[in-house]
Amino acid sequence: MNGGGEAEERSLWEEAVMAASLFAVDPVGLGGIAVASKYGPVRDSWMDFLRSIVPGWAPFRKLPLYAADERLFGGLDLAATLAHGKPVAERGLLAEMDRGFLVIPSAERMESGLASRLGLVIDAHAVHVEREAASMMHPARFGVIALDESEAGDDETPPAALLERLGLRIDLTDVTWRDVCLSDTTLEEIEAAQARLPNVAVPDKIIAGLVSAAVSFGIQTLRAPVFAVRAARASAALAGRDEANEEDAGLAAMLVLAPRATRMPEPMEDQAPPEPPPPEPQDDKEEDGKGGGESGENETAPDDDKALTDMIIAAAAAAMPKEMLVKAAAKPFRVPPSAPMGKAGAERTNAARGRPAGVRRGMPKPGSPLSLLETLRAAAPWQKIRKSMLEKAANTGRIDRIEVRSDDFRIKRLKARSQTATIFAVDASGSAAMQRLAETKGAVELLLAECYIRRDQVALVAFRGTRAEILLPPTRSLTRAKRSLAALAGGGGTPLASGIDAAGALAINIRRRGISPLIVVLTDGKANIAADGKPGRERAQNDANTAGRRLRAEGIATILVDTSPRPQAQAEKLAQEMAARYVPMPYANAAAISKAAKMAAKG
Amino acid sequence: MTRPVYPFSAIVGQDELKLALIISAIDPSIGGVLAFGDRGTGKSTTVRALAALLPPVRAVRDCRFNCDPDGSNLCEECREKLREGEKLVARFIRVPVVDLPLGATEDRVVGALDLEKALTRGEKAFETGLLARANRGFLYIDEVNLLEDFLVDLLLDVAASGENVVEREGMSLRHPARFVLIGSGNPEEGELRPQLLDRFGLSVEVRTPQDLASRIEVVRRRDGFERDPHGFAAAWRGENRKLRRKVATARARVNLIVVPDSILEDSAKLCLALGTDGLRGELTLMRAARALAAYEGAETVTQKHLKSIAPSALRHRLRRDPLDEAGSSVRVDMALEKAFSA
């Protein structure tokens, strides 16, 4: 909590206002702005400010999170097609957003597949559609405002594919209503800056400085420095300069680079600790406060540019709240959940995939595409009679359209391949860690490989200390799974109940999406932390058994792998409570566990 | 729409990807390129820049499938013309580079019933899809790992057979669809099924350049391009033209390149050492080495060619070992060292 500390530094609110202004100057070049904030008056004021500095004619619209693909990207306009007797394509929302601003509410719940497709549109500045007889390309140059409403504790973040393409990031979480003050930036100033923008030069040394700073912050993607250069240019244009200077670079680093930092620009800081260290509110003195402490670590930057780089780094680092640095260090691979958990999302995801499996009567809707041929076939026998009826009614001349009524509609049924997600709940507590964590990891890795071949999703829940945490939301990425597994450190108590509960909650979420979950609990069964986080062997064991019974009640397929050197009675009892297959590890190699997993998934 | 494409020759680094693309342009039978890497590495920029390097080809005028007038792989319509004694009029076209956007539906990919004709005249006619347009060219899928599995299956199947067989909506027809499949993606967002991996001829792991100077140059050029795309493209036109000529020459020469028996032995040895299944690896390795030799102006394939193309040709064919952190590139390198050290 060092929000109001520095008097002469820009306040968070002022930073946010600056970001909005730069964004308004070059919305397409900067891609967008991610706004971390709850719904509330502060965010509203910020949005009001942004709206006041963008032209009134510019489309400014919300992206419906669960809109059908055709509505977003464009597709066939069914009604018009039938009415006109020829295919009529419909421009989607994104094409209508050209030269405008697209607001994404609850960006943290966006499905990652949608984010990738949106990302392609942002990259290309155009929407390219090939679907249902519609083939089209429309310009779609817009700026994105992604509202990230995630809670501090939960694991939801906007999809990486989206964040990657949004140049600016601000956080309004700690801005209080008192900090909010009116800005005097006007639309005229923004428009003047826009006119100046193409002629603003960014000197090579500024570019070099921004790139070096990005490297020092551990930012891999080259999009970040590209955005930073654009931000510096927008900043210079806004200030009425024809050339970007150090100040512009500092601002750009603050708004573009600092939020992406994965490490502090100091040699000893570059190894990210695998576990989130506890917050240290009392530690006011930042080791990096001056940014001058680092020495000639920086690869090959020429000496005179070095000072500039340092200055840029210092500017960015000063703007980084302490907690954010900790967060950046703790979570080098901040991963988004791979799909939203909402009901509408579930229906859509299911239906969009799969192979055609027959046709039936019904109204077309997302996931139930119209089968044209079958529809026409259904309409054919009635043509004569309908036409004569119509002629009688309207008394017009010839009608050569085919008369299709809604009850002719035939929709395709899609059969999605049933998917499985395996949730590994790994006991990383001291008792397990000492002897068996390495072996457990090995077993999980082998199982991961199996899941990978079957294209199953995997998720990873670890429990130790006082609580359980989702290390990896369901993913198909072996790379990611391996990384989070490797980073898992052991030690602490065994909050078995929390672990089971966390895995169960995840499983229920997954099932809601139409994917069958399978939980594999790897533990020695020796619980010693109760569900409420308090120590106590007996209560912990009871809580664990209760959690196990809940799983059974939910009817979730479960396997319990006993990781202790000798089979444990507690573990076996727990397995009974949750109706899990019990596999003691001494006898179980990965192949046996995998076989058990397959059987459990079936039955 | 008139915004030029970022010039291929202006791309900093990415040597392996650039070479793989060039090689697949020299010999399309190699079977496409898969470019996997992190975000912001410039995968799609590089692939999209390829189009400008491709020398124009002769095609039958007004043919929906870009048929080669001198080739044997003709579509039904062109064959019909020949049967009726018509001559096939040729013209030069740019090599098609067709983008397959995510979310494309099967009907647009393979082609489908012509809706307009069906609705207005009750006629059953075929409306071509992306596969027809891509015939004799390139088909590019960005984020290929996010494409529906059954579409990827279908694409690889067509790419391998060179023919698109349409059986849908009461239609039954086939047309030539010979194209080079280029896929790119980010493994963090989900991987391609292993069964599909080895259907790609070459695979490249794309990384951002790690040295500071190159990184600065990337950002600097990107900035220059954005400020003045036309001027930037014009400045690199000469370089691009040189490269295009080189590709055209190599294309004409590739079938004349000699592949000595010793090279065939070497590649067999290498594949054996790596345990790649099937002949596809060996065949690709040989073809790619030949294309590389042609590109470099050599007469015969040497061990050097084989070595420098082996990682791209083989790394995605290794059996996946999830416990092996080092990755397949390192394994290929080690096998290369072993195989050729003697």
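Residues numbered from 1 in each chain as written. Chains lettered and ligands numbered in written order. Predicted model: local features only at pLDDT ≥ 70, side-chain atom pairs only at ≥ 80, totals over all residues.

Remarks on the overall build of chain B
Filter applied, for reference: Helical segments are the DSSP runs of H or I of at least four residues, strand segments are the runs of E of at least two, and each set is numbered from the N terminus. For the radius of gyration, the atom set is restricted to C-alpha positions; the globular benchmark scales as 2.2 Å times the number of residues to the power 0.38. Neighbour density around each residue's C-beta defines its exposure: 20 or more other C-beta atoms within 10 Å make it buried, 12 or fewer make it exposed, and counts between make it partly exposed, where C-beta atoms are placed from the backbone. The contact rule is simple: place each C-beta atom from the backbone, and if two of them lie within 7 Å, those residues are in contact.
Broken down by element type, chain B carries 14 helices and 11 strands. Relative to the globule expectation of 20 Å for 342 residues, the C-alpha radius of gyration of chain B, 21 Å, shows essentially globular dimensions. Dimensions of chain B, computed from C-alpha atoms along their principal axes, come out at roughly 70 × 50 × 40 Å. Scored against the burial criterion, the 342 residues of chain B give a buried share of 49%. Look at the contacts in chain B between residues 6 or more apart in sequence, and 74% of them connect residues 24 or more apart.

Structural notes on the overall build of chain A
A count of helical and extended segments in chain A gives 22 helices and 17 strands. Evaluated residue by residue, chain A yields a buried proportion of 49% over its 603 residues. Partitioning the intrachain contacts of chain A with sequence separation of at least 6 by distance along the chain shows that 77% fall at a separation of at least 24.

Here's the deal with unusual backbone geometry
Residue and element names in this part refer to chain A. The backbone of Arg-99 shows a phi angle near 65°, a positive value even though the residue is not glycine. Relative to the assigned elements, Arg-99 resides in the loop between helix H5 (93-96) and strand S5 (100-104). A residue is classified by how many C-beta atoms lie within 10 Å of it, and Arg-99, with 15 of them, is partly exposed. Phi at His-125 is positive, roughly 60°, even though this residue is not glycine. Looking at the secondary structure, you find His-125 in the loop between helix H6 (112-124) and strand S6 (126-131). For His-125, a count of 13 C-beta atoms within 10 Å puts it in the partly exposed group.

Things to note about the packing of helix H11 (residues 261-274) of chain B against helix H12 (residues 280-295) of chain B
Residues and elements named next belong to chain B. Spelled out, the test is: Working convention: axes come from line fits to C-alpha atoms, limited for helices to the stretch in contact. Angles between N-to-C directions cover 0 to 180 degrees. The scheme is simple: roughly parallel for angles under 35 degrees, roughly antiparallel for over 145, roughly perpendicular for 65 to 115, oblique for anything else. Crossings are sorted by hand: turned counterclockwise from the far helix by less than a right angle, the near helix makes the crossing left-handed, and turned clockwise it makes it right-handed. Polar here means any residue other than Ala, Val, Leu, Ile, Met, Phe, Trp, Tyr, Cys and Pro, which are nonpolar, and Asp, Glu, Lys and Arg, which are charged; Gly is therefore polar.
Two elements in contact, H11 and H12, have axes separated by 9 Å at closest approach and are oriented at 135°. Comparing their axes, H12 and H11 come out oblique. Judged by the twist between their axes, the crossing of H11 over H12 is right-handed. Facing H11, whose interface residues are Ile-263, Leu-264, Ser-267, Ala-268 and Cys-271, H12 presents Gly-281, Glu-282, Leu-285, Met-286 and Ala-289. For the contact of H11 with H12, a count of residues per class yields seven nonpolar, two polar and one charged.

Some remarks on helix H21 (residues 569-577) of chain A
All names here are of chain A. Inclusion rule: An arc is given here, and it is the one of the directions from the helix axis to the C-beta atoms.
Within the span of H21, buried status applies to Ala-571, Leu-574 and Ala-575. The arc that holds every buried residue of H21, seen down its axis, measures 100°, which confines them to one face. Where H21 is buried, its residues contact strand S15 (516-523), helix H20 (537-554), strand S16 (557-562) and strand S17 (581-584). Looking one or two residues past H21, Ala-579 carries a phi angle of roughly 55°, positive in sign.

What about the domain arrangement of chain B?
How large an interface is tends to be reported as the accessible area lost when its parts come together. Residue and element names in this part refer to chain B. Formally: The split of the chain into domains comes from an automatic or database domain assignment.
According to the domain assignment, chain B contains domain 1 (8-56 + 94-206) and domain 2 (255-341). A C-alpha centroid distance of 25 Å is found between domain 1 and domain 2. At the level of elements, helix H1 (15-26), helix H8 (194-197) and strand S11 (202-206) are the ones that each hand at least two residues to the side of domain 1 that touches domain 2. Considering each element in turn, the side of domain 1 that touches domain 2 owes the most residues, five residues, to H1.

Here we look at the sheet that holds strand S2 (residues 60-62) of chain A
Residues and elements named next belong to chain A. Short version of the rule: A pair of strands is labelled paired if DSSP reports no fewer than 2 bridges between them.
The strand order across the open sheet formed by five strands is S2-S5-S8-S1-S9, and the pairing between neighbours is parallel. Both outer strands of the open sheet, S2 and strand S9 (168-171), are each paired with one neighbouring strand and no more. Each strand of the sheet is rotated relative to its neighbour by a mean of 20°, with strand direction disregarded. Of the strand pairs in this sheet, S2 and S5 are connected by three bridges, and their pairing is parallel. Paired with Arg-61 across the bridge in S5 is Leu-102.

Quick look at the sheet that holds S16 of chain A
Note on sheets: strands pair through backbone hydrogen bonds, and any given pair is parallel or antiparallel. All names here are of chain A. If you walk across this open sheet you meet the six strands as S14-S13-S12-S15-S16-S17, and the pairing is mixed. The sheet terminates laterally at strand S14 (467-475) and S17, the two strands that pair on one side only. Sheet twist, expressed as the average angle between the axes of neighbouring strands with direction ignored, equals 15°. The strands touched by helix H18 (residues 478-486) are strand S13 (457-464) and S14; relative to S14, the strand with the most contacts, the crossing angle is about 160°.

Description of helix H19 (residues 496-512) of chain A
Going by this rule: What a helix is expected to span follows from its residue count: subtract one and scale by 1.5 Å.
With 17 residues, H19 of chain A should reach 24 Å at 1.5 Å per residue; the first-to-last C-alpha distance of 24 Å fits that figure. Counting buried residues in H19 of chain A gives 13 out of 17 residues, a clear majority hidden from the surface.

What about the nonpolar core?
Residues and elements named next belong to chain A. Spelled out, the test is: Note on terminology: a nonpolar core is any set of buried Ala, Val, Leu, Ile, Met, Phe, Trp, Tyr and Cys residues joined through C-beta atoms within 7 Å.
Among the nonpolar cores identified, the biggest contains 195 residues, and Leu-210, Ala-228, Ala-253 and Leu-257 are the most heavily contacted of them. Among all residues touching Ala-253, those that are not within four sequence positions of it are Leu-210, Ala-213, Ala-228, Ala-258, Ile-312, Ala-315 and Ala-316. Counting 61 residues, the second-largest nonpolar core is a separate cluster that includes Ala-459, Val-461, Leu-478 and Ala-575.

Let's talk about the pairing of strand S10 (residues 180-185) of chain B
Along a regular strand, successive side chains alternate from one face of the sheet to the other. Residues and elements named next belong to chain B. By the criterion of burial, S10 is predominantly enclosed, with six of the six residues buried. Neither face of S10 is left uncovered, since the one carrying Val-180, Ile-182 and Ser-184 and the one carrying Leu-181, Gly-183 and Gly-185 both have all their residues buried. Two strands pair when backbone bridges link them, and strand S7 (residues 138-142) and S10 are joined in this way by five bridges, in the parallel orientation. Each bridged residue has a counterpart across the sheet, and for Ile-141 the counterpart in S10 is Gly-183.

Quick notes on the packing of helix H1 (residues 12-25) of chain A against helix H2 (residues 41-52) of chain A
All names here are of chain A. Interhelical geometry of H1 versus H2 gives an angle of 30° and a closest axis separation of 10 Å. Relative to H2, the element H1 lies roughly parallel. Here the hand of the crossing between H1 and H2 comes out right-handed. Residues Ala-16, Val-17, Ala-20 and Ala-24 of H1 pack against Trp-46, Phe-49 and Leu-50 of H2. Grouping the amino acids of the contact of H1 with H2 by side-chain chemistry returns seven nonpolar, no polar and no charged.

Remarks on the environment of Phe-409 of chain A
Within the secondary structure, Phe-409 of chain A sits in the loop between helix H16 (383-394) and strand S11 (410-415). Residues Phe-409 of chain A and Ala-571 of chain A, 162 residues apart in the sequence, show an inter-C-alpha distance of 56 Å.

Some remarks on the confidence of the model for chain A
All names here are of chain A. Short version of the rule: The pLDDT score gives, residue by residue, the confidence of the prediction method on a 0 to 100 scale.
When the pLDDT values of chain A are averaged, the result is 76; 71% of them are 70 or greater. Confidence drops under a pLDDT of 50 for residues 267-301, and excluding neighbours within four residues, the segment shows 48 contacts in the predicted structure. Predicted confidence for residues 322-357 stays below pLDDT 50, and this span has 84 contacts to residues more than four positions away or in other chains.

Quick notes on the confidence of the model for chain B
Of all residues in chain B, 93% have pLDDT values of 70 or greater, and the mean over the chain is 85. ipTM for the predicted complex: 0.84, alongside a pTM of 0.70.

Overview of the environment of Ile-556 of chain A
Residue and element names in this part refer to chain A. Looking at the secondary structure, you find Ile-556 in the loop between H20 and S16. When the C-alpha atoms of Ile-556 and Glu-164 are compared, they prove to be 36 Å apart, with 392 residues separating the residues in sequence. Filtering out sequence-adjacent residues up to four positions away, Ile-556 remains in contact with Gly-504, Ala-507, Pro-517, Ile-519 and Leu-551.

Thoughts on the environment of Thr-157 of chain A
The residue Thr-157 of chain A is located in the loop between strand S8 (142-148) and helix H7 (160-163) in this model. With 78 residues separating them along the chain, Thr-157 of chain A and Ser-235 of chain A place their C-alpha atoms 28 Å apart.

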